[in-house]
Amino acid sequence: MRVAILVFPGSNCDRDMAIAFRNAGARVEMVWHRKTSLPAGTDIVGVPGGFSYGDYLRCGAIAARSPVCCALNVHVERGGYVLGVCNGFQVLTEMGVLPGALLRNAGQRYICRSERLNAVTLESVFTAAYGRDRRVVFPIAHRDGNYFADPEQIKRLQGEDRIAFTYVDNPNGSAGDIAGILSANRRVLGLMPHPERAAEPAHASVDGAALFSGLLSEAAVAKSAA
């Protein structure tokens, strides 16, 4: 499987994400924000964490309007897989690919620590390897990770089984304890915690490795069946 990882000025988790995908068996190419197309044959796009464009205006707002995100939109519209982590989740909401917004943490402080999460749906290539309500540990590192959507949108996400991960102990005030959500076609995941920082034995947790290996495996099956 071929993975393209977008790189913006201020990205700082792009290499971590690349290593996690490579360790899971993917062919990875880094794609600079000025590019207007993705590499031929791209199956999955990774939108990494960091501080794209210095978080000016709003987190992810400028990145969402960069040339490479036009290509990302095309990829999404044709049913491609996307993993957006932390700042990448913010970019996806700013693009309108995912609903809602990421607001300042309820405590008004940057938080950097490991958090327990529940993987709450089996109907996702990103979570199928975990099983329903499987407890995992991923690090968080954000100031603007407080997921917000209006009550009707939250009910819709719940009713459509599009909440991928929830916090066990909500660290930032996110509505419904939401840590990650899926797109309507279930091929895009926006996730505030960092699975790429919990993907090998040197990390405090290896729980993130199953997300990457499961995504590659399920995406390969879907591609062969197409």
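Residues numbered from 1 in each chain as written. Predicted model: local features only at pLDDT ≥ 70, side-chain atom pairs only at ≥ 80, totals over all residues. Heavy atoms only, no water.

Break down the overall build of the protein for me, with residues and values.
The helix and strand inventory of the protein stands at 5 helices and 11 strands. Relative to the compact-globule value of 17 Å for 226 residues, the protein shows a C-alpha radius of gyration of 16 Å, a close match. Projected onto the principal axes, the alpha-carbon positions of the protein cover approximately 45 × 40 × 40 Å. The 226 residues of the protein split such that 56% are buried. Here the analysis covers contacts within the protein between residues at least 6 apart in sequence; of these, 73% occur between residues at least 24 apart. Positive and negative side-chain charges in the protein, numbering 24 and 21 respectively, have mean positions lying 4 Å apart. (Helix = DSSP H or I, 4+ residues; strand = E, 2+ residues; numbered from the N terminus. Rg over C-alpha atoms; globule rule 2.2 N^0.38 Å. Buried < 20%, exposed > 50% of the residue type's maximum accessible area, 1.4 Å probe, protein only. Contact = heavy atoms within 4.5 Å. Lys, Arg positive; Asp, Glu negative; His and termini not counted. Charge placed at Lys NZ, Arg CZ, Asp CG, Glu CD.)

Can you break down helix α2 (residues 67-77) residue by residue, with the values?
Three- or four-residue spacings in an α-helix give side chains the same orientation, since the helix completes a turn every 3.6 residues. What α2 keeps buried is the set Val 68, Cys 69, Ala 71, Leu 72, His 75 and Val 76. The buried side chains of α2 occupy one side of the element, clustering within an arc of 150° when seen end-on. Among the exposed residues of α2, those pointing more than 90 degrees away from its buried face are Cys 70 and Glu 77. Where α2 is buried, its residues touch β1 (2-7), β2 (27-32), β3 (44-47), β4 (81-85), α3 (87-95) and β11 (188-191). Among the residues trailing α2, Gly 79 stands out with phi positive, at a value near 90°. (Arc of directions from axis to C-beta.)

Account for the sheet that holds β4, naming residues and giving values.
The strand order β2-β1-β3-β4-β11-β10-β9-β6-β7 describes an open sheet built from 9 strands, whose pairing is mixed. At either margin of the open sheet sits one strand with a lone partner, and together these are β2 and β7 (134-142). Direction aside, the axes of adjacent strands within the sheet are offset by 20° on average. Running at roughly 175° to β1, helix α1 (residues 14-23) makes contact with β1, β2, β3 and β4 of the sheet. (Pairing = 2+ DSSP bridges. Axes fitted to C-alpha atoms, helices over the stretch in contact; angles between N-to-C directions.)

Outline the packing of aromatic side chains, listing residues and values.
If you walk through the whole model with that rule in mind, you get 5 aromatic pairs. With a centroid separation of 6.1 Å and 75° between ring planes, the pair formed by Tyr 130 and Phe 165 is classed as edge-to-face. Of this pair, Tyr 130 sits in the loop between β6 (111-119) and β7 while Phe 165 sits in strand β9 (residues 163-167), and the two are 35 residues apart along the sequence. The pair Tyr 130 / Phe 165 is uniform in exposure class, with both members buried. (Phe/Tyr/Trp six-rings, centres within 6.5 Å; stacked < 30°, edge-to-face > 60°.)

Describe α3, with residues and values.
Most of α3 is tucked away: 8 of the 9 residues are buried. Buried within α3 we find Asn 87, Gly 88, Phe 89, Gln 90, Val 91, Leu 92, Thr 93 and Met 95. Residue Gly 96 follows α3 closely and has a positive phi angle near 85°.

I'd like a rundown of unusual backbone geometry, residues and numbers included.
If you check the backbone angles, Asp 55 has positive phi at about 60° while not being a glycine. Mapped onto the secondary structure, Asp 55 falls in the loop between β3 and α2. For Asp 55, a relative accessible area of 17% corresponds to the buried category. Despite not being glycine, Leu 57 shows a phi value in the positive range, around 65°. Its place among the elements puts Leu 57 in the loop between β3 and α2.

Tell me about the pairing of β3, and name the residues and values.
Side chains of β3 alternate between two faces, with Ile 44 and Gly 46 and Val 45 and Val 47 buried alike. Pairing of β3 with β4 involves 4 bridges; the strand directions are parallel. From the neighbouring strand, Gly 46 faces β4, where its bridge partner is Leu 83. Following the backbone out of β3, through α2 and into the adjacent parallel β4, one traces a crossover that is right-handed. (Right-handed = clockwise from strand over helix to strand, strands pointing away.)

An account of the packing of α2 against α3 is requested, with residue identities and associated values reported.
Two elements in contact, α2 and α3, have axes whose closest approach is 12 Å; the angle formed by their N-to-C orientations is 75°. Accordingly, the angle class assigned to the pair α2 and α3 is roughly perpendicular. Between α2 and α3, the contacting residues are Cys 69, Leu 72 and Asn 73 on the first element and Val 91, Leu 92 and Met 95 on the second. For the contact of α2 with α3, a count of residues per class yields 5 nonpolar, 1 polar and no charged. (Parallel < 35°, antiparallel > 145°, perpendicular 65-115°, else oblique. Nonpolar A, V, L, I, M, F, W, Y, C, P; charged D, E, K, R; others polar.)

For the pattern of salt bridges, give the residues involved together with the corresponding values.
Note that side chains of opposite charge can pair when their charged atoms are close. Under the defined criterion, the tally for this structure stands at 10 salt bridges. Of the charged contacts, one joins Lys 223 and Asp 43 as a salt bridge, the two residues approaching to 3.0 Å between their closest N and O atoms. A residue pair is termed long-range when its members are at least 10 positions apart, and Lys 223 in helix α5 (residues 209-225) and Asp 43 in the loop between β2 and β3 qualify at 180 residues. Salt-bridge contacts for Arg 104 lead to Asp 144; the nearest nitrogen and oxygen are separated by 3.0 Å. Here Arg 104, found in the loop between β5 (101-103) and β6, pairs with Asp 144, found in the loop between β7 and β8 (146-148); they are 40 residues apart in sequence, far enough to count as distant. (Salt bridge = Lys/Arg side-chain N within 4 Å of Asp/Glu carboxyl O.)

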